[in-house]
Amino acid sequence: MRIAVVGGGGAMGSITAADAARSEGVSAVTIIDVDPDRENRPRSDRSSAEGVAIGVEIAPDRAARRSALEGHDVVVNAASHTLNVEVMEDCLAIGANYVDLGGFAAAGGNQHDRAIR
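Because the structure is a prediction, the values reported are computed rather than measured. (Residues numbered from 1 in each chain as written. Predicted model: local features only at pLDDT ≥ 70, side-chain atom pairs only at ≥ 80, totals over all residues. Heavy atoms only, no water.)

Remarks on the overall build of the protein
Alright, step 1. Along the backbone of the protein there are 5 helices and 5 strands.
Alright, step 2. With the model as given, the accessible surface of the protein reaches about 6200 Å², and the carbon-plus-sulfur share is 51%. (Helix = DSSP H or I, 4+ residues; strand = E, 2+ residues; numbered from the N terminus. Areas by Shrake-Rupley, 256 points an atom, 1.4 Å probe, with all protein chains shown as cover.)

Printed below as a string of structure tokens:
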């Protein structure tokens, strides 16, 4: 299984990516972030199981993010709640499963209704 973590350079995302990389059945984890400086964070929290590739994609805009998400089975959104709907819509468009670590209900609003359309 290939997992992408949007916001993977941040505190929650970095830990999520490391945990995913140590999980059974995972072949690759891609950290997707807007901030290229986050790629330089210490790698100690990004250790992986043997054979699991961890990659980093810098995605400064929606088009770059959607392109980086292509080919992943699961997308974990650990980014700002302001991206919840966009990332969910990207996942629907590419056929990836979507997991959101949290959010702000008012910003997500009708997220469920959009997902079941």
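A look at the side chain of asparagine 77
Alright, step 1. Locating asparagine 77 in the fold gives a position in strand β4 (residues 74–77).
Alright, step 2. Within the local environment of asparagine 77, its side chain forms a polar contact with the side chain of tyrosine 98, the two groups lying 3.2 Å apart.
Alright, step 3. Residues in contact with asparagine 77, not counting those within four places in the same chain, are Val6, Leu83, Asn84, Val87, Tyr98, Val99, Asp100 and Leu101. (Polar contact = N/O pair within 3.5 Å; in protein donor to acceptor, adjacent residues only side chain to side chain. Contact = heavy atoms within 4.5 Å.)

Section: a nonpolar patch on the surface
Alright, step 1. A cluster of nonpolar side chains, contributed by Met12, Val99 and Leu101, occupies part of the molecular surface with about 260 Å² of accessible area.
Alright, step 2. With respect to the helices, strands and loops of the structure, leucine 101 is situated in the loop between β5 (97–100) and α4 (105–108). (Patch = residues over 30% accessible without salt bridge, like charges linked within 9 Å, V, L, I, M, F, W, Y side chains within 5 Å. Salt bridge = Lys/Arg side-chain N within 4 Å of Asp/Glu carboxyl O.)

Brief notes about the pattern of salt bridges
Alright, step 1. Scanning all chains against the criterion turns up 5 salt bridges.
Alright, step 2. Here arginine 62 ties to aspartate 90 by a salt bridge, and the two come within 3.0 Å at their closest N and O atoms. Of this pair, arginine 62 sits in helix α2 (residues 62–69) while aspartate 90 sits in helix α3 (residues 84–94); the two residues are 28 residues apart in sequence, bridging distant segments of the chain.
Alright, step 3. Among the residues examined, arginine 62 registers a relative accessible area of 30% and is labelled partly exposed. (Buried < 20%, exposed > 50% of the residue type's maximum accessible area, 1.4 Å probe, protein only.)

Description of the pairing of β4
Within a regular beta strand, the side chains point alternately toward one face of the sheet and then the other, so they alternate between its two faces.
Alright, step 1. Taking every second residue as pointing to the same face, both faces of β4 are buried, with Val74 and Val76 on one and Val75 and Asn77 on the other.
Alright, step 2. Sheet analysis places strand β1 (residues 2–6) next to β4, joined by 4 bridges and oriented parallel. Of the residues in β4, the one forming a bridge with valine 6 is asparagine 77.
Alright, step 3. Pairing of β4 with β5 involves 4 bridges; the strand directions are parallel. Across the sheet, residue valine 74 finds its bridge partner in β5, namely asparagine 97. (Pairing = 2+ DSSP bridges.)

Quick look at the nonpolar core
As a rule of thumb, soluble globular proteins bury nonpolar side chains together.
Alright, step 1. Counting residues in hydrophobic clusters, the biggest one holds 12 residues: Ile3, Val5, Ala17, Ala20, Ala21, Val26, Val29, Ile31, Val52, Val74, Val76 and Ala78.
Alright, step 2. Secondary structure elements with two or more residues in this core: β1, α1 (11–21), β2 (28–33) and β4.
Alright, step 3. Of all the elements, α1 adds the most residues to this core, at 3 residues.
Alright, step 4. Beyond its immediate stretch of four places on either side in the chain, valine 29 contacts Ile3, Val5, Ala17, Ala20, Ala21, Val52, Ala53, Ile54 and Gly55.
Alright, step 5. Counting residues in hydrophobic clusters, the runner-up holds 10 residues, among them Ala59, Ala68, Leu69 and Val75. (Core = buried A, V, L, I, M, F, W, Y, C linked by side-chain atoms within 4.5 Å.)

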